[in-house]
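Topology and contacts: notes
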Amino acid sequence: MGSQEELPDFAVRLRAARERAGVTQEELARRLGMSTKGYRAYEAGRRPGEERLADIALALGVGVADLFIDNSLTALRREVSRLAARVRALEQHRTNDDPPAASAGVTSH
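Residues numbered from 1 in each chain as written. Predicted model: local features only at pLDDT ≥ 70, side-chain atom pairs only at ≥ 80, totals over all residues. Heavy atoms only, no water.

If the charged atoms of two oppositely charged side chains come close together, the side chains can form a pair. Summed over all chains, the structure comprises six salt bridges. With a shortest N-O distance of 2.9 Å, E19 and R15 are connected by a salt bridge. In this pair, E19 and R15 are both assigned in helix α1 (residues 9-21), four residues apart and thus about one turn of the helix distant. For E19, a relative accessible area of 44% puts it in the partly exposed group. In this structure R15 comes out as partly exposed when scored by relative accessible area, which is 34%. As a salt-bridge pair, R18 and E43 come within 2.5 Å of each other at their nearest N and O atoms. Taken together, the positions of R18 in helix α1 and E43 in helix α3 (residues 36-43) put the pair 25 residues apart, joining distant regions of the chain. When sorted by exposure, R18 lands in the same class as E43, which is buried. Taken together, the shared-partner salt bridges connect E27, R30 and R31 into one network. (Salt bridge = Lys/Arg side-chain N within 4 Å of Asp/Glu carboxyl O. Helix = DSSP H or I, 4+ residues; strand = E, 2+ residues; numbered from the N terminus. Buried < 20%, exposed > 50% of the residue type's maximum accessible area, 1.4 Å probe, protein only.)

Turning next to the packing of helix α2 (residues 25-32) against α3. For the pair α2 and α3, interaxial distance at closest approach is 8 Å and the crossing angle is 110°. The orientation of α2 relative to α3 falls into the category roughly perpendicular. Here α2 and α3 pass one another in a crossing that is right-handed. Contact residues: Q25, E26, L28, A29 and L32 in α2; T36, Y39, R40 and E43 in α3. Here the residues of the contact of α2 with α3 are counted per class, giving four nonpolar, two polar and three charged. (Axes fitted to C-alpha atoms, helices over the stretch in contact; angles between N-to-C directions. Parallel < 35°, antiparallel > 145°, perpendicular 65-115°, else oblique. Left-handed = near helix turned anticlockwise from the far one by under 90°. Contact = heavy atoms within 4.5 Å. Nonpolar A, V, L, I, M, F, W, Y, C, P; charged D, E, K, R; others polar.)

In this section: the nonpolar core. Grouped together as the largest cluster of nonpolar side chains are 15 residues, with contacts concentrated most on L14, Y39, I56, L60 and L67. Put simply, the parts of the chain that give this core at least two residues each are α1, α2, α3 and α4 (50-60). Counting residues per element, this core draws most heavily on α4, which supplies four residues. Apart from residues lying up to four places away in sequence, L14 is in contact with Y39, Y42, E43, I56, L60 and L67. (Core = buried A, V, L, I, M, F, W, Y, C linked by side-chain atoms within 4.5 Å.)

Below, the discussion takes up the confidence of the model for the chain. Per-residue confidence for the chain gives a mean pLDDT of 83; residues scoring 70 or more make up 77%. The least confident element of the chain is helix α5 (residues 73-97), whose mean pLDDT is 83; the most confident is α2, at 98. For residues 1-5, every residue scores under 50 in pLDDT, and the model assigns this stretch five contacts once sequence neighbours within four places are set aside. (pLDDT = per-residue confidence, 0-100.)

Two aromatic rings, taken as a pair, are described by how far apart their centres are and by the angle between their planes. Per the stated rule, a full pass over the model turns up two aromatic pairs. With a centroid separation of 6.1 Å and 90° between ring planes, the pair formed by Y39 and Y42 is classed as edge-to-face. Of this pair, Y39 and Y42 both sit in helix α3, three residues apart, which is roughly one turn of the helix. Overall, Y39 belongs to the buried group, its relative accessible area being 0%. (Phe/Tyr/Trp six-rings, centres within 6.5 Å; stacked < 30°, edge-to-face > 60°.)

Laid out in structure tokens, this is it:
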């Protein structure tokens, strides 16, 4: 996996939370009682189990939900844009599927 865009959202948020906490991967792994290699797998996209996830959140001083939900304005704008594009695509599809009334055999009285 080369860039952050290729990583699952969880991995990106985990790394950001660790960096905000000002700790290295090695330090966090030590605090968690695990190998650095094992911790790095989480930042590479592997999901920890529930207990480990709770331990990570506690060690970073964040809630578990913070590792899964991006409440930033940028993320909200991105989601709104994504949904708006989906609505436009659905409207276009509907317009293409709805034949004009005259060609559908509908007559006006």
